Structure formats: C-alpha cells, structure tokens
Amino acid sequence: MFIKPFKPRGNIQLKGSDKKRLKSRVLSAFPNLKDEEFSNVLSNKATVSSVKAVTHNEENILIYTIDKQPFFFEIVSSGKLLPTVYALWKFPDMIPCFSTHSDVLPKLANGADLMIPGVVKSGGDLKSWGSYKKDDIFGINLTSNKAVIAVGLLAHSSQDLYMCGGRGVAVHVLHVFGDKLWGMEPSMCEQPPMMKPVMAVPTNDDFPPLGAEPPSVKEVTQQVSKLEVSDDVEKVTEKEEEPVEATPDEILYRAFLNCIKLEGKKIQLPMLTSTFYPQHIQPALESPIDIKKTTYKKVSAFLREMEKQNFIKIQEEAKGIEKISFLNLEHPAVLDFIPNKQEKQAAQSTENAPQLLLTKMTQVYVVTENTANFFSNFNLPVGSKLDEKQIKDHVKDYAGRKKLLDKTIQKVNLDEVLSEICLTEGPLSVDDIAKMIKNSMNASFEMRTQDKAPVKGGKKPVIHITTATRTGNKKVTIISNLDLYGVNITEFAKAIKLAVAASTSMTEVPGYKSEQLLVQGNHVSFVYNLLVDTYKIPRGNITGLEFAKKEKKKKK
C-alpha cells in the first residue's frame, strides 16, 4: 500500500478529547497493549495529529502521528486500524507475528506478500498456525530479530492456512519497513531495533558436503563435553564477559592515539596545544567527557604526560604560549593501536537525520557474544551493526595490525581470537574469515543512504535547470534528472519551500522518463547553489545557470 508515494490531503492536530478517543480505540483494538505502557507514549504533552492521505491506488487512509512519527494508520473503507512498525517496535507483543527468513524482506519491500512457504514456524500441525481469522492483523519479523518489519492482514484463517498444502499467500502486506509510510517524516526515521532472535536457523555451512565422512565417536564426545558446563561455571563466565565501562582517562587516551594514527601525517606543526585538543582529540572521543573528571584535570597536564611518554614534544614560545612541535608516529603504542574511523563513519551514516539522498535497504550483521572478542579491538560492543564490506575491512585491518598475513600464500594465520570464531587453526583467506565471522552474527536490515545512481553507457548524468512561463505570465523553475543522483525530492522540495517561500509540485514533461520538480518563480541561483553546496554535485554536471535572474546593478 505504501510502496509508492501517497498524497497527503490535510493535517489536523488532535485536541485532548480526540486524543482520549484515539487512546480508547487503540486499547480496544489491541487487548495485548497495556494502558500504562501506551500512556507513556501517548502522554498529555505528546503532539498527536491526524493526516488524511490518498494512496497510489486511490485508497483513502488516515495516518495518526505521535510527535511527527507515524504510529497508526486507518483504512477508511473498512475502518480497520493498524499499527506501524514504529508502534510495534515500542510494543512488540501488540499483535501476533509470523517469522520469515532475512532473504524475504527485500522482496516484501518491493511489494510482495508473505507466502506460506516463507513462514518459518515450529511444527507442522494445525496448532502451529494458531487460532486466527481471515483479515486479522498480523506482523512479520525475521528469525534473527524479533522486531517487526512488516504489517498486514491474514489472507486465510488458521485452518485454511493449514489446509493450503504449503501454497498461497499467508499475509497480505500493507506496510513494510523502508516504505513511504516509514519515511513519511525523514527527520523522525528510525532503524529496526535489534531484539533477541526468534529462532536459530541453520546455514549452509552447518551441513557437511555430500559424501563427507561422519564425525568419529571421539570427536562427538569432545564436542559434548564442551557443552556440559556446570551452573557455577556458567555464572562465572557470565561475570567475566560483562563489558567494563571505559574510564574517562581511557577514553581520552584512545582518542589521542586515534587522532595521531589517522591524522598524524596531515597535522601541520608546530600547532598550539589549545588548538590541537579541540580540533583533533575531541572529535575522536568515543563518548563526550569532562576533562575535569579525568585524573589530569587539565588539557595541559594530559599533554605533558603524553610528552613524558615520548608521544609528542612541546615547546614554549612565550609565557603561557605552548606549541606541539613533534608527533612520534613510530611509537609502539601508536603502531599497535587500531583506529576507530570506520565505526565512526558507520555511526554517522545511520543517525536519525533528514535524508538528503534516497535510501536503500542494506543487510547488516549484528555483533554477538561469539564475535565480541574480535570486534572489541575496534571498540564495537555487542549489538553494533556492520555491513558485509565493513566486516571484511575489519578482518584486513586486524590481520595487518597483528601481522598475521602470510604474503607467500596470501592467507591469514589465525590467532586465538580468530580460531575461536572460525573453529579451525589453519590459515584462511580474508574472504573465508569474513564469511565465518558473518555466519556467527545475527542478520538484520537498515535503510542506508545510497550512492549516486549507476551511470549508463559511461556518460555522466546531468541535472537540467530551466525556466518557463505559465498562465498569467508567471515564471517557474523546472529541475529534471534529480533521481539520477538519488536525491530525495521530498526533502529537496522542502528545503526550497523553507528558503524561498515558493510552492513546488511534480510534473511530467514529454521527452523525459522521470517526473520533474516545478518551483514557482525564478529560483535558478538558489537551486544551483543548493545542489553544489549541500548535495555536493559537481558544477559541470548541472546546466541552466544562464537562466538565473539577473541582479539589478545598484546606481552609484
């Protein structure tokens, strides 16, 4: 329903009495939702709005937002009220759910329904389908994550689903993570939370190849003995694995090593100590700290200690004026330190900020306890999310820093940390290690900003800006080919509205495959600067600046 854009037709903020009626209706429709829990979200201070909209297939709907975030939507024709994924992330047990494989989510995101073969459940009898009626509201989650990623209506009753013989539609999907309802307010978009797995699903690597010899009795006995652990030992292990929170001194020290490791060659010396700390150390802090809460109390005392440890040299040019004149890039601690630049960039890419560019669904993998020892080298705790490329980059980085790469055979010699994950001692390729680490992690998905659209035929895409005259001799600015750069046109139009107070609309023009953005008035200069400065599109890939409004020369 929300795969394609819908058209908002009105936005009304609900009064206190309307909020109470909505609350009563929600609690009546979803008995599993507790009044106290829902009251924390739908509080007296919360701003609740009702948005009238029409979908691409001319279906009238009402969307209820809480503090700008869509929480419920109503199909006007049937009067059925359904929760969004945001509501179900807050209240996971609000509705019953089916689980499916992670590979199914991209298909649901493209508009497919959940088919019966895609439902993963325990057991094959009638009880495993529950006791539900046709058109009951159902959620869909992944076997690796309990968080709901799609909402729809049951296609058949439980008994009919059992009698379908494993064929047909299980759930008619109406709303899915990543669709236009999820991205209705870009500044409020969130990624799925990582909840506990629904069930552990075996991968291809768990099955031996055909013709392989079965394990010996001795091997099986050894594996079983490893699993037989007393309760006391388990408790001790749990205590040992609890993450220890870093002290302010440790955070400051790691930030210092991080900036020297990554930026040491670029820093122009001599540099004032008062400049070095805010420009290079502070941005590298894993979390904000107060220098007064460290044992050093002052930045100058910390830098003096680093000088004693032979990291830097400080010279005093005048009374009270100190400069850093030397950075020791060959210090053993600097050479052994693994920087956290990639993690910082990954965190920035998933912040809940307005989406300047369109997003695409990206499969990510979540750090588990089995892989925590490896990722702790990159300051990544359990629950951190990485994509496939980031995992491979970390393996390369780790092998290089630990000097594990055997260049003669182009394989990595496994140390204790890698052997524990890969369950072997022999050397492996970077790809094989990355794959084994990935298989030990839980799979999930995020909507991440996509790169610029692929260029067809080797030609650079060009954004055309031009002007035209409409009825009443009114000028309009027309921008085409924004989609070739993955520009989020909704956010682009909003930026123009706020800056130049002009109305915008989408229009189809003969000769162009995609729609064009039309802005009332001549705003060529503003649009051009917005594309260059904010969206970082090369000037040579934009045409039409000659149509900009000429500024009148001031009379002397």
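Residues numbered from 1 in each chain as written. Predicted model: local features only at pLDDT ≥ 70, side-chain atom pairs only at ≥ 80, totals over all residues. Heavy atoms only, no water.

Time to look at the side chain of Asp-249. When you line up the elements, Asp-249 lands in helix α8 (residues 248-263). The buried charged residue Asp-249 lacks any salt bridge partner; its closest oppositely charged side chain belongs to Lys-297, at an N-O distance of 8.2 Å. Not counting chain neighbours up to four residues away, the residues in contact with Asp-249 comprise Thr-294, Thr-295 and Tyr-296. (Helix = DSSP H or I, 4+ residues; strand = E, 2+ residues; numbered from the N terminus. Buried < 20%, exposed > 50% of the residue type's maximum accessible area, 1.4 Å probe, protein only. Lys, Arg positive; Asp, Glu negative; His and termini not counted. Salt bridge = Lys/Arg side-chain N within 4 Å of Asp/Glu carboxyl O. Contact = heavy atoms within 4.5 Å.)

Glancing now at the pattern of salt bridges. Side-chain pairing between opposite charges can occur once the charged atoms of the two side chains come close. A complete count under the given rule lists 13 salt bridges for this structure. One salt bridge connects Lys-494 with Glu-185, and the closest N-O pair in it is separated by 3.7 Å. One end of the pair, Lys-494, is in helix α17 (residues 489-500); the other, Glu-185, is in the loop between β10 (169-176) and α6 (217-227), and 309 residues separate them in sequence. Here Lys-494 falls in the partly exposed class, since its relative accessible area comes to 30%. Among the ionic pairs, Arg-304 bridges to Glu-322, the shortest N-O distance being 2.4 Å. Of this pair, Arg-304 sits in helix α10 (residues 299-308) while Glu-322 sits in strand β13 (residues 321-327), and the two are 18 residues apart along the sequence. The class of Arg-304 is partly exposed, set by a relative accessible area of 31%. We classify Glu-322 as buried; its relative accessible area is 18%. Taken together, the salt bridges that share partners define one network made up of Arg-304, Glu-307 and Glu-322.

A cluster of nonpolar side chains, contributed by Leu-126, Tyr-162 and Met-163, occupies part of the molecular surface with about 310 Å² of accessible area. Mapped onto the elements of the fold, Tyr-162 is located in helix α5 (residues 158-163). What makes Tyr-162 partly exposed here is its relative accessible area of 37%. (Patch = residues over 30% accessible without salt bridge, like charges linked within 9 Å, V, L, I, M, F, W, Y side chains within 5 Å. Areas by Shrake-Rupley, 256 points an atom, 1.4 Å probe, with all protein chains shown as cover.)

To continue, consider the nonpolar core. Among the nonpolar cores identified, the biggest contains 66 residues, and Phe-72, Met-94, Phe-98 and Leu-108 are the most heavily contacted of them. Counting residues per element, this core draws most heavily on strand β9 (residues 145-154), at seven residues. (Core = buried A, V, L, I, M, F, W, Y, C linked by side-chain atoms within 4.5 Å.)

Bringing unusual backbone geometry into the picture now. In this model, Leu-269 is joined to Pro-270 through a cis peptide bond whose omega is -5°. Although it is not a glycine, Asn-481 sits at a positive phi angle of roughly 70°. Looking at the secondary structure, you find Asn-481 in the loop between β20 (474-480) and α17. Even without glycine at this site, Ala-501 takes up a positive phi of about 55°. Note on placement: Ala-501 falls in the loop between α17 and β21 (504-507).

All right, on to the environment of Asp-179 then. For Asp-179, the location among the structural elements is in the loop between β10 and α6. Take Asp-179: its relative accessible area is 5%, and that puts it in the buried class. A C-alpha to C-alpha distance of 5.8 Å links Asp-179 and Phe-2, two positions 177 residues apart in sequence. Ignoring anything within four residues of it in the chain, the contact list for Asp-179 reads Phe-2 and Ile-3. One polar contact links the side chain of Asp-179 to the main-chain amide nitrogen of Leu-181, over a distance of 3.1 Å. Here the side chain of Asp-179 touches Trp-182 through a polar contact of 2.9 Å, landing on its backbone nitrogen. (Polar contact = N/O pair within 3.5 Å; in protein donor to acceptor, adjacent residues only side chain to side chain.)

A few words now on the confidence of the model for the chain. Taken as a whole, the chain shows an average pLDDT of 83; of its residues, 84% reach a score of 70 or greater. Counting interchain partners and residues more than four positions distant, the pLDDT-below-50 stretch residues 224-243 has two contacts. Long-range and interchain partners of residues 342-353, a stretch whose pLDDT sits below 50, account for 15 contacts in this model, where long-range means more than four residues apart. (pLDDT = per-residue confidence, 0-100.)

Attention now goes to the sheet that holds strand β6 (residues 97-100). Spatially, the five strands line up as an open sheet ordered β6-β8-β9-β10-β7, and their pairing is mixed. Across the chains shown, the open sheet's two edge strands, defined by having one partner strand only, are β6 and β7 (114-115). Across two bridges, β7 lies against β10 in antiparallel orientation. Note on β10: the bridge partner recorded for Leu-114 is Val-171. (Pairing = 2+ DSSP bridges.)

It is worth spelling out the sheet that holds strand β11 (residues 271-272) at this point. The strands that make up a sheet are held in pairs by hydrogen bonds between backbone atoms, and each pair lies either parallel or antiparallel. In spatial order, the strands read β11-β13-β12; together these three strands make up an open sheet with antiparallel pairing. Both outer strands of the open sheet, β11 and β12 (312-318), are each paired with one neighbouring strand and no more. Sheet analysis places β12 next to β13, joined by six bridges and oriented antiparallel. The residue bridging Gln-315 from the neighbouring strand is Lys-323, located in β13.

This part is about the environment of Ser-128. Within the element layout of this structure, Ser-128 appears in the loop between β7 and β8 (137-142). Put simply, Ser-128 and Tyr-162 are 34 residues apart on the chain and 8.8 Å apart in space, counted from C-alpha to C-alpha. Once you skip the residues sitting within four places of it in the chain, Ser-128 turns out to touch Lys-121, Ser-122 and Gly-123. Side chain to side chain, Ser-128 and Lys-121 meet in a polar contact 3.3 Å long.

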